[in-house]
Amino acid sequence: MSVLLVGISHRSAPVAVLEKIAITETDRPKLTDMMLASTHVSEAMIVSTCNRIEVYAVVDAFHPALGEIGELLTKHSGLPLPELTKHAYVRYAEAAAEHLFAVSSGLDSMVVGEQQILSQIRAAYAASDAQQASGRTLHELAQHALRVGKRVHSETGIDRAGASVVSVALDRAAAVHGPLDGRTALVLGAGAMGGLAVAQLARGGAAKIIVVNRTLEKAQRLATTATTMHGVAAEAIEMDRLAEAMAAADVVITCTGAVGTVVTLADVHRALSAKPGAEELVICDLGLPRDVDHAVAGLPGVTVIDIETLQRDPSAGAAADDTAAARAIVADELSKYLAGQRMAEVTPTVAALRQMAADVVEAELLRLDSRLPGLESTERDEVARTVRRVVDKLLHAPTVRVKQLASTPGGDSYAEALRELFELKPGAAQAVAAPMEMSTLQGELADDFTAAHPGDEQGHTA
């Protein structure tokens, strides 16, 4: 069994494509269940953020599983398969682990080094675990990825580029308005991104924060947090008063996670007509799909900063030295992770060998009993201990050594050699991850989907 990753992110697709394939918190459980119902998928985890959708699945065959996941994503997004494959990336086995470690470190983020991705991966794993969709493989992969991310942030300065997409968006807003000191900001959405926006606004010196959300109770909780934890005056407002709230704001941050448009052209028209003075209204649309009607960007007196704008922002990069240091940590941790996985894979073979030896000892002791029925129990016990000591000493060196060798690249061949030398039955060590034989291409779907990624499955074994 190996991990297969199928993803689309800001690096591989335009915002319009990301919007179509976006997976909401409501979508995630349903899609996870559908993947688990597939023939070749045994575990599944979906990482969904404002600029990436990644499916991590434990599969028993590369091509058939890729076809199944591709079919589910096309049905979910409504994108034709050729369009999906054009923007998707596929990673397998070691490459999938390496990618997740890079993502958790902030190396693959729009704002290099941002830390929010760690909480998003943690949430993705928690959601998968709650559905009993994560087994040993994804548990170990996700937990190791979180450790890698924490290590990168503690040992390098990679996060100096900016705390998140929110911070870069606010920097762009400040370029229009000037500093946030003394200004009023509106946060539309009370989820994780909304909480991050409140924290960043407080650090930036905002005098007042208005929180708007479809569920007023959630807006009230976030407004209370803004006041008690960040010391900023805050209030919660119902969704039907959005235009009124925008009229009172200098900066608007939208991050709802809604499927359709939330801020309409009419909303902004009403806000501008009620807004005192002629100062520019800056709207930071961080939603995916976008929260703000496309036409709003064409209104005079309005500046819209969206995900597409932020992709081109030079401040989203990290210093070269910090990036190099982070990549070195990812490489080191990947080596440790793979070594641990190889050692775990050889354990069933070692256990099977020891069980076979124990069975031989017991059989020979029974044979001794039949040949020497008058043997005293103390003498029999001494013979049994002697035989077991001899067997243990004979097996000690090869079993310890095979575990050591298994941690090296190609180490699975040593477990295979052990199985051959001692004629272990195929079922005795069936949990051992032997090299996976690639299944032949099954169906036109898998053929189409993998055609865009001809090298993704090469060089990796289970």
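Scroll up to find the structure.
No experiment lies behind these values; they were computed from the predicted model shown.

Parameters at a glance
- Within each chain, residues carry numbers counting from 1 in the order of the written sequence.
- pLDDT decides what is reported in this predicted model: residues at 70 or higher carry local features, side-chain atom pairs at 80 or more are listed and counted, and totals for whole chains, interfaces and linings draw on all residues regardless.
- Computation of side-chain values covers all heavy atoms of the structure but excludes hydrogens and water.
- In the cavity and pocket records, a cavity denotes points on a 1 Å grid over the protein atoms alone where a 1.4 Å probe fits but cannot get out, a pocket denotes an open set with protein on both sides within 12 Å along at least 5 of 7 lines, and lining residues are residues with an atom within 4 Å of a point.
- Grid points are joined across faces, edges and corners, and a volume is the space filled by probe spheres set on the points.
- A run of H or I in DSSP counts as a helix once it spans at least four residues, and a run of E counts as a strand once it spans at least two, with each numbered from the N terminus.
- Axis definition: a line fitted to C-alpha atoms, over the contacting stretch in the case of helices. Angles run 0 to 180 degrees between N-to-C directions.
- Note on terminology: angles under 35 degrees are roughly parallel, angles over 145 are roughly antiparallel, angles of 65 to 115 are roughly perpendicular, and the others are oblique.
- Working rule for handedness: look at the near helix, and if it is turned counterclockwise from the far one by less than a right angle, call the crossing left-handed; if clockwise, right-handed.
- By the convention used here, residues are in contact when the closest approach between their heavy atoms is within 4.5 Å.
- Residue polarity is assigned by list, with Asp, Glu, Lys and Arg as charged and Ala, Val, Leu, Ile, Met, Phe, Trp, Tyr, Cys and Pro as nonpolar; anything else, Gly included, falls into the polar class.
- Helix span, expected: 1.5 Å multiplied by one less than the number of residues in the helix.
- If DSSP finds at least two bridges between two strands, the strands pair.

What follows is about the layout of surface pockets. Empty space among the atoms can be located by rolling a probe the size of a water molecule over them. For the largest pocket, the calculated volume is near 950 Å³. Forming the walls of the largest pocket are 35 residues, and the residues nearest its centre are Glu25, Gly191, Cys255, Thr256 and Gly257. Breaking the lining of the largest pocket down by element, the ones donating at least two residues are β2 (41–49), α6 (116–130) and α9 (192–203). Here the element with the most residues in the lining of the largest pocket is α6; it accounts for four residues.

One way to put it is that α6 packs onto helix α7 (residues 136–155) with a least axis distance of 10 Å and a crossing angle of 165 degrees. Relative to α7, α6 is oriented roughly antiparallel. Crossing of α6 against α7: the hand is left-handed. Only Leu138, His139, Ala142, Gln143, Leu146, Gly149, Lys150 and His153 of α7 make contact with α6, whose side of the interface consists of Leu118, Ile121, Arg122 and Tyr125. Partitioning the contact of α6 with α7 into residue classes produces six nonpolar, four polar and two charged.

Glancing now at helix α8 (residues 165–177). Taking 1.5 Å per residue, 13 residues should reach 18 Å; α8 reaches 18 Å between its end C-alpha atoms and fits that length. On its buried side, α8 packs onto α9, β8 (251–254), β9 (281–285), β10 (302–306) and α13 (307–311).

Strand order across the open sheet formed by six strands is β7-β6-β5-β8-β9-β10, with parallel pairing between neighbours. Single-partner strands in this sheet number two, and they are β7 (233–238) and β10. Taken over all neighbouring pairs, the strand axes of this sheet differ in orientation by 20 degrees on average, direction set aside. Contacting β6 (208–213) and β7, helix α10 (residues 216–230) runs over the sheet at an angle of about 175 degrees to β7.

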